[in-house]
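Descriptive structure summary
Chain by chain, the residues run as shown.
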Amino acid sequence: MLLRAGASPSITVSTDKSTYYRGETVSISISNAPANCDLGVQIVNPVGGVVFAWQQRTNSQGSASVSYPIPPDAIYGTYTIYVSGCGDTGSGTFSVTEVPPPPPPPPPGPPKESTSMTVSVDKEVIMLGESVSIRSILNPGLDVTVRLRFACPNGSEVSVSVSMLYGVFTYVFKPDAPGYWRIWVTWEGNAQYEGCVSNTVGVVVRTPVSLRVIAAPSIVGVGGAIVVYADTNPPLKHKPLLISYFSNRTRVWRTIGVFETSSEGFIACVFTPSETGEYVFKAEWVGDPAYMPASANSSRVLVTAEPVSAEDIISMLSRLRELQRLLEEKEKELEASRSTITGLQKSIAELQAGLSSAQSRISSLEKQLAETESKVSEAESRAQFTTILGLLPGLLIGLILGYLLFKRRSKSSFPLPPE
């Protein structure tokens, strides 16, 4: 925080305008300051809250300049600028006020019936590429054509004709640029009704921002140098990034400083740790009407009690590569084992399939054998019956022949008595 008491004010602080609207940028000029001096610049809103903090170095004439983009939700009222450094201080003020709507056109001719119109949007903050739905209502409800007007972030103005049905229209609008867009509707009126101008609504279109933070080296001794690098995507040119650090000793975030990005959207600074421990570095972008806020942390940096030599770093890298090689070998062995297991599983599956097929064939053969045994038994039974049938004729013939022979012998042994 800047000191606001002590030395008598001697630094001159001025702005390019005395009054601003939300979304505009305040250009702050500093003069009569010590030459080549680091000045702290702070802006306080009407309720005493700090909304801007910056560090700027004066040139050889003791002059410097700072820009402050007014956010779309800034509080209306008087803001105070405090500047201090090298034993001198200074201050200035500016105001933020609401944008007045465009004045309605003068009513021509005889008195007409009055009208009124309102406009609203379904979203007040969107991302670039998204759409917003605009709805307007005219009272009384007439079928007329009105002008939907847009004040673009670059200061230009565009408009489109929109037809109202029963005094209502809905229009889908997709902004093509980030920033603060103002939207209102006008109607010129006709022979019976006066024209009117609606209220003004605002839509903030913001571009997402991602931050990357790199701190190197990953191991350093107390008193050594840690280079902290941060960049933005998309590249934010000449924007303030707050760089801070956290250690496992203090367990609080401490500010290193505010640094302005280059024309390529990055910053680089050097931090010298005074204590051992694990450090993490953070970059923060507070955002503005065109770009969303963002923050990011670096990976951990180990600060040791003894300085880390180049030989130690080379040894650690060599050990790391060796461990990585061993890990790759173990992964290859594991992959080979997986392949062997897969082959064994495939062979087992094939054997199980063959066993199932053999069991099926055995079952079929057992069934065929049972059928064959049944047929053989039936054939044996038939053969025995046929044999018996074959013996019966011979037996009958033998009996008949025996009877005839017996009868013939009987006649020859006992002659007939004489007549």
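Before reading further, recall that the structure is shown in the block above.
The notes below deal with the structure included here. Everything quoted here is computed from the prediction, not taken from an experiment.

A word on the pattern of salt bridges. A complete count under the given rule lists eight salt bridges for this structure. Its salt-bridge partner being E24, residue K17 comes within 3.2 Å of it at the nearest N-O pair. Look at K17 and you get partly exposed, because its relative accessible area is 36%. Note that R57 is salt-bridged to D38, the shortest N-O span being 3.0 Å. Of this pair, R57 sits in strand β5 (residues 50–57) while D38 sits in strand β4 (residues 38–44), and the two are 19 residues apart along the sequence.

Empty space left among the atoms is revealed by rolling a probe the size of a water molecule over them. Looking at the second largest pocket, its volume works out to about 470 Å³. Every residue lining the second largest pocket is counted, 21 residues in all, and those nearest its centre are R22, Y76, Y180, V201 and G202. Among the elements of the structure, β15 (179–189) and β17 (201–206) are those that each provide at least two residues to the lining of the second largest pocket. Counting residues per element, the lining of the second largest pocket draws most heavily on β17, at four residues. Within the lining of the second largest pocket, the residues separate by chemical class into eleven nonpolar, four polar and six charged.

Attention now moves to the pairing of strand β8 (residues 88–96). Of the strand pairs in this sheet, strand β2 (residues 19–20) and β8 are connected by two bridges, and their pairing is parallel. Bridging from a neighbouring strand, Y20 pairs with V96 of β8. Where strand β7 (residues 77–85) lies against β8, nine bridges are found, and the strand directions are antiparallel. Residue pairing across strands places Y82 opposite S91, the latter belonging to β8. Hairpin connection of β7 to β8: two residues between the antiparallel strands, including C86 at a positive phi of 55 degrees.

The rules we used
Residues numbered from 1 in each chain as written. Predicted model: local features only at pLDDT ≥ 70, side-chain atom pairs only at ≥ 80, totals over all residues. Heavy atoms only, no water. Salt bridge = Lys/Arg side-chain N within 4 Å of Asp/Glu carboxyl O. Buried < 20%, exposed > 50% of the residue type's maximum accessible area, 1.4 Å probe, protein only. Helix = DSSP H or I, 4+ residues; strand = E, 2+ residues; numbered from the N terminus. 1 Å grid on protein atoms, 1.4 Å probe; cavity = no way out; pocket = protein on both sides within 12 Å on 5 of 7 lines; lining within 4 Å. Points joined across faces, edges and corners; volume = space filled by probe spheres on them. Nonpolar A, V, L, I, M, F, W, Y, C, P; charged D, E, K, R; others polar. Pairing = 2+ DSSP bridges.

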